[in-house]
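# Fold and contact review
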Amino acid sequence: MTIPQEQFDDLLSRTALAALFYYPEVAVDGDGPSLQNDIAYCLDPVAGIADEDAERLRIAVGRVIANPTAHRSELLALVIELAPPPAE
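Structure report, in brief. (Residues numbered from 1 in each chain as written. Predicted model: local features only at pLDDT ≥ 70, side-chain atom pairs only at ≥ 80, totals over all residues. Heavy atoms only, no water.)

## Some remarks on the nonpolar core
With 19 residues, the main nonpolar core has Phe8, Leu11, Leu57, Val61 and Leu75 as its most contacted residues. Taken together, the elements giving at least two residues each to this core come down to α1 (5-20), α3 (35-43), α4 (51-66) and α5 (68-82). No other element matches the five residues that α4 contributes to this core. Beyond its immediate chain neighbours, meaning those up to four positions away, Leu75 contacts Leu11, Leu12, Thr15, Leu57, Ala60, Val61 and Val64. (Core = buried A, V, L, I, M, F, W, Y, C linked by side-chain atoms within 4.5 Å. Buried < 20%, exposed > 50% of the residue type's maximum accessible area, 1.4 Å probe, protein only. Helix = DSSP H or I, 4+ residues; strand = E, 2+ residues; numbered from the N terminus. Contact = heavy atoms within 4.5 Å.)

Written as structure tokens, this is what we have:
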């Protein structure tokens, strides 16, 4: 199944939003927001992707949420690898 570029764009937008509102103290305890919930929210647009690729994205998205400056290029490279080429 090929995931359209727009869905990968949505994943990147959701990841940026999750990183903006990420607070490690809140994500550790409690029934409210958590890093795992944020990752699941970010991956929702690409739910049909292969399990192996989904796992790679899950790890990259989690890293970006927790530390965007250190890991954003890793996520962008992965999205470029997995997304279809843009239509001309």
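## Notes on the packing of α1 against α3
Relative orientation of the contacting elements α1 and α3 amounts to 155°, with a least axis distance of 8 Å. Between α1 and α3, the interaxial angle falls into the category roughly antiparallel. Seen from above, α1 lies across α3 with right-handed handedness. Contacts between α1 and α3 involve Leu11, Arg14, Thr15, Leu17 and Ala18 from the former and Asp38, Tyr41, Cys42 and Leu43 from the latter. Of the residues in the contact of α1 with α3, the class split is six nonpolar, one polar and two charged. (Axes fitted to C-alpha atoms, helices over the stretch in contact; angles between N-to-C directions. Parallel < 35°, antiparallel > 145°, perpendicular 65-115°, else oblique. Left-handed = near helix turned anticlockwise from the far one by under 90°. Nonpolar A, V, L, I, M, F, W, Y, C, P; charged D, E, K, R; others polar.)

## Some thoughts on the pattern of salt bridges
Applying the stated criterion across every chain yields a total of five salt bridges. A salt bridge links Arg56 to Asp53, with the shortest nitrogen-to-oxygen separation between them at 3.3 Å. Taken together, the residues Arg56 and Asp53, both in helix α4 and three residues apart, mark about one turn of the helix. Judged by relative accessible area, which is 31%, Arg56 ranks as partly exposed. Judged by its relative accessible area of 18%, Asp53 falls in the buried class. Between Arg58 and Glu55 there is a salt bridge whose closest N-O contact spans 2.8 Å. Remark: Glu55 and Arg58 occur in helix α4; sequence separation between them is three residues, near one turn of the helix. Given a relative accessible area of 36%, Glu55 falls into the partly exposed group. The network of salt bridges with shared partners includes Asp53, Arg56 and Glu81. (Salt bridge = Lys/Arg side-chain N within 4 Å of Asp/Glu carboxyl O.)

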